[in-house]
Amino acid sequence: MKRKFIINIILVVFLNLLVKPFWVFGIDRTVQNVVGAEQYGFYFALFNFSLILNILLDMGITNYNNRNISQNEEGLTFYFSNILSIRLILGVLYFAISMIVAWLCNYSEAQLRMLMFLTFNQFLLALILYLRSNLAGLQLFKTDSCISVLDRFVLIAICSILLWGNVTQQPFRIEWFVYAQTGSYVFTALVAFILVLVHSKGFKLTFNPKTALSILKKSAPFALLTLLMSLYNRIDSVMLERLLPDGKFQAGIYAQAFRISDACCMFALLFANLLLPMFSRMLKQKENVAGLVRLSTVLMLVPVLAGSAMCVFYRQPIMNLMYCNHAAESAPIFALLISGFIFISLTYIYGTLLTANGSLFKLNIVALGGMLFNIVANLILIPRYQALGSAIVSLATQSLTAIAQILIAFSIFGFKFRGRTQFMLLVYVLALVAIGFATTYLPFSWMLNAALMLAASCLMAVALGLVRIKGLLELINTNKSN
């Protein structure tokens, strides 16, 4: 299983590195620069509002389905036929509740109009994720990896034409950005549906109330977890827009700082998407997961720590490079959010392990605590520190919930703290700080200094034995029978 994990994580990271960095830094960033912080903040707050309620689209079905198909492949046809009809009904419910809540929140006509498209986009995204969960559950990781970048690839093509193709006399509008997302998601959903249909033994859209209630009951703990985590991960910009007189502007500033951290989460999520079906199958077969947990933790932490440290030390020039305006305001927020990503990456491993184990009650307790802390702390800090206050709260929330999940996992699975590994990670962190300070005094451009910092960080990881290249190559070359 370690071999399969390494091969597939290399593939999925490679594919995503080809597509998603250009999406984040070439398209999404350019859109904000073109339309301005206030207009992008208008979109960003509504986008996060649609994300908070999108649990109604899924009700935990995707994670439940991934875990279930991994342990019971022959159940694909039955669940595919029944779950798809459930998702269509949930889509209508999600749209209606979202619009009602937005109306009660006194959103303007323009906001409601954009929210209609954003909610439809969320429906399509949730459908794509569900279809991908079937592919991952069947251990078709290469196919799933290709689908994971298809929507962004199509979206890049559409937005590139609109931004740089001179196909219109009008300046780029934020609404076009939303419409382009709709087109790319429709195409990807169709492709994913056809692929799942090919691997199922038959498909007939059916709705059985008794079966639907049974599936929803089993997936309810997953739904609650997703809702609580969405609240403490996404409510920041919504509260900024609602609580402050210049809320749209502050949400735009926060979005500038949030963009890189959010992009990094896309890559951390790749680990979770691979690990959930692997952990689920290993736990069903009563295999020891400790080795895979250690391997994935080190493979995740080494680049995350190095990248985050580089971003903290070079936060101001990075913001200056990315944005035409308000870079100074975004830089300290960016440093806090990218630091929080270190803890987010850990939740993608240990939270995924606990999900595969079915430890949803404990995970939900942690998530509930994180949500309550996040909302209360935001209510206190946003009026005083604006977007910076939200970033402080985000870092605190992510660190507390990650530590809690790690402790729970160690308690349930009886993991032992390996003194040497933890010590070497501590030495690595201290070395990163020293390297970071040293490179800032070099007489080169900040980009070269940052590149040298990353190169030195990689060498340090190898020197400390955190990354054993020879061992990884041997593991990759090991016969599947082994």
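For the structure, check the block above.
So, here's what we can say about the structure. In every chain, residue numbers begin from 1 and rise along the written sequence. Local features in a predicted model are, by the rule used here, given only for residues with pLDDT of at least 70; side-chain atom pairs are given and counted only at 80 or more, and totals for whole chains, interfaces and linings are based on all residues. Calculation of side-chain values draws on the structure's entire complement of heavy atoms; hydrogens and water are dropped beforehand.

1. Quick word on the overall build of the chain
Part 1 of the reasoning: When helices and strands are counted, the chain shows 17 helices and 0 strands.
Part 2 of the reasoning: Across the 482 residues that make up the chain, the buried fraction comes to 54%.
Part 3 of the reasoning: Residues count as neighbours in contact if any of their non-hydrogen atoms are within 4.5 Å of one another. In the chain, the proportion of contacts linking residues at least 24 apart, taken out of those at least 6 apart, comes to 85%.
Part 4 of the reasoning: For the chain, the accessible area works out to roughly 21100 Å², and carbon and sulfur atoms hold 68% of it. Each helix is a run of DSSP H or I of at least 4 residues and each strand a run of E of at least 2, with the numbering of both proceeding from the N terminus. Exposure classes here rest on a 1.4 Å probe applied to the protein chains alone. A residue is buried below 20% of its type maximum, exposed above 50%, and partly exposed in between. Calculation of accessible area relied on Shrake-Rupley with a 1.4 Å probe; when residues are assessed, cover is drawn exclusively from the protein chains displayed.

2. Quick look at the pattern of salt bridges
Part 1 of the reasoning: In what follows, salt bridge is the name for a side-chain nitrogen of Lys or Arg lying within 4 Å of a carboxyl oxygen of Asp or Glu. By the definition in use, this model includes 6 salt bridges.
Part 2 of the reasoning: When the shortest N-O distance is used, the salt bridge between Arg259 and Asp28 registers 2.5 Å. Of this pair, Arg259 sits in helix α10 (residues 247-284) while Asp28 sits in helix α1 (residues 2-35), and the two are 231 residues apart along the sequence.
Part 3 of the reasoning: For Arg259, a relative accessible area of 5% puts it in the buried group.
Part 4 of the reasoning: By relative accessible area, Asp28 is classed as buried at 11%.
Part 5 of the reasoning: Arg242 is the salt-bridge partner of Glu241, the closest N and O atoms lying 2.8 Å from each other.

3. Remarks on the side chain of Asp151
Part 1 of the reasoning: In this structure, Asp151 sits in helix α7 (residues 141-164).
Part 2 of the reasoning: Look past the residues within four positions of Asp151 in its chain and what remains in contact with it is Leu125, Ser184, Tyr185 and Thr188.

4. Examining the side chain of Asn121
Part 1 of the reasoning: Positionally, Asn121 belongs in helix α6 (residues 109-137).
Part 2 of the reasoning: By relative accessible area, which is 1% here, Asn121 ends up buried.
Part 3 of the reasoning: Side-chain atoms alone can form a polar contact between residues adjacent in sequence; in general such a contact is a pair of N or O atoms within 3.5 Å, and within protein one must be able to donate a hydrogen while the other accepts it. A polar atom in the side chain of Asn121 sits 3.4 Å from the backbone oxygen of Val178.
Part 4 of the reasoning: Ignoring anything within four residues of it in the chain, the contact list for Asn121 reads Val178, Gln181, Thr182 and Tyr185.

5. Quick look at the nonpolar core
Part 1 of the reasoning: In this structure, Tyr43 and Phe177 are the most contacted members of the largest nonpolar core, which totals 152 residues.
Part 2 of the reasoning: The greatest single-element share of this core, amounting to 19 residues, is contributed by α10.
Part 3 of the reasoning: The residues contacting Tyr43, other than those within four sequence positions of it, are Met114, Leu118, Ile174, Phe177, Val178 and Gln181. To form a nonpolar core, buried Ala, Val, Leu, Ile, Met, Phe, Trp, Tyr and Cys residues must be joined to one another through side-chain atoms within 4.5 Å.

6. What about the packing of aromatic side chains?
Part 1 of the reasoning: To pair, rings of Phe, Tyr and Trp, with the six-membered ring standing in for Trp, must have centres within 6.5 Å; the planes then decide the type, stacked if under 30 degrees apart, edge-to-face if over 60, and tilted in the middle. This model, assessed by the stated rule, comprises 15 aromatic pairs.
Part 2 of the reasoning: Pairing Tyr43 with Phe177 gives two aromatic rings, centres 5.5 Å apart and planes at 70 degrees, and the pair type is edge-to-face. In this pair, Tyr43 is assigned in helix α2 (residues 37-52) and Phe177 in helix α8 (residues 174-199), connecting sequence segments 134 residues apart. Each member of the pair, Tyr43 together with Phe177, is buried.
Part 3 of the reasoning: Each residue in the set Tyr40, Tyr43, Phe44, Phe47, Phe177, Tyr254 and Phe258 is aromatic and connected to the rest through ring pairs, giving one cluster.

7. Describing the environment of Leu225
Part 1 of the reasoning: By the secondary structure assignment, Leu225 is in helix α9 (residues 209-243).
Part 2 of the reasoning: Taking relative accessible area as the criterion, Leu225 reaches 8% and is therefore assigned buried.
Part 3 of the reasoning: Those residues in contact with Leu225 that lie beyond four places of it in its chain are Thr355, Leu360, Leu363, Asn364 and Ala367.

8. Re a nonpolar patch on the surface
Part 1 of the reasoning: On the surface, Phe95, Met116, Phe117 and Tyr179 cluster together into a nonpolar patch covering about 360 Å² of accessible area.
Part 2 of the reasoning: With respect to the secondary-structure elements, Phe117 resides in helix α6. A patch is a set of surface residues, each over 30% in relative accessible area and not in a salt bridge, joined within 9 Å for like charges and within 5 Å for the nonpolar side chains Val, Leu, Ile, Met, Phe, Trp and Tyr.

9. Some details on unusual backbone geometry
Part 1 of the reasoning: At Asn166, a position not held by glycine, the phi torsion is positive, near 55 degrees.
Part 2 of the reasoning: By secondary structure assignment, the location of Asn166 is in the loop between α7 and α8.
Part 3 of the reasoning: The class for Asn166 is exposed, based on a relative accessible area of 70%.
Part 4 of the reasoning: Unlike most non-glycine residues, Gln386 shows phi in positive territory, near 55 degrees.
Part 5 of the reasoning: Turning to its location among the elements, Gln386 is positioned in helix α14 (residues 360-413).
Part 6 of the reasoning: Here Gln386 falls in the partly exposed class, since its relative accessible area comes to 28%.

10. Things to note about the packing of α10 against helix α11 (residues 290-313)
Part 1 of the reasoning: Orientation of α10 relative to α11, taken along the N-to-C sense of each, is 175 degrees, at an axis distance of 12 Å. One way to sum up the angle between α10 and α11 is to call them roughly antiparallel. On α11, the residues that touch Ala268, Phe271, Leu275, Met278, Phe279 and Met282 of α10 are Leu292, Val293, Ser296, Leu299 and Met300. Only the stretch in contact is used when fitting a helix axis, every axis being a line fitted to C-alpha atoms; angles between N-to-C directions are given from 0 to 180 degrees. Should an angle fall under 35 degrees it is called roughly parallel, over 145 degrees roughly antiparallel, and 65 to 115 degrees roughly perpendicular, with every other angle called oblique.

11. As for helix α16 (residues 446-463)
Part 1 of the reasoning: What a helix is expected to span follows from its residue count: subtract one and scale by 1.5 Å. Along its 18 residues, α16 runs 25 Å from first to last C-alpha, staying within 8% of the 26 Å computed at 1.5 Å per residue.
Part 2 of the reasoning: Of all the positions in α16, only Asn449, Ala450, Met453, Ser457 and Ala461 are classed as buried. Buried positions in α16, seen along its axis, are confined to an arc of 115 degrees and lie on one side of it. When the buried face of α16 is taken as reference, the exposed residues oriented beyond 90 degrees from it are Cys458, Leu459 and Ala463.
Part 3 of the reasoning: On its buried face, α16 sits against α11 and α15 (419-440).
Part 4 of the reasoning: Residue Gly465 follows α16 closely and has a positive phi angle near 80 degrees. By arc we mean the arc of the directions from the helix axis to the C-beta atoms, nothing more.

12. Brief notes about the environment of Ala251
Part 1 of the reasoning: For Ala251, the location among the structural elements is in helix α10.
Part 2 of the reasoning: Separated by 10 residues in the primary sequence, Ala251 and Glu241 have C-alpha atoms spaced 5.9 Å apart.
Part 3 of the reasoning: Among residues more than four places away in sequence, those in contact with Ala251 are Gly41, Phe44, Ser237 and Leu240.

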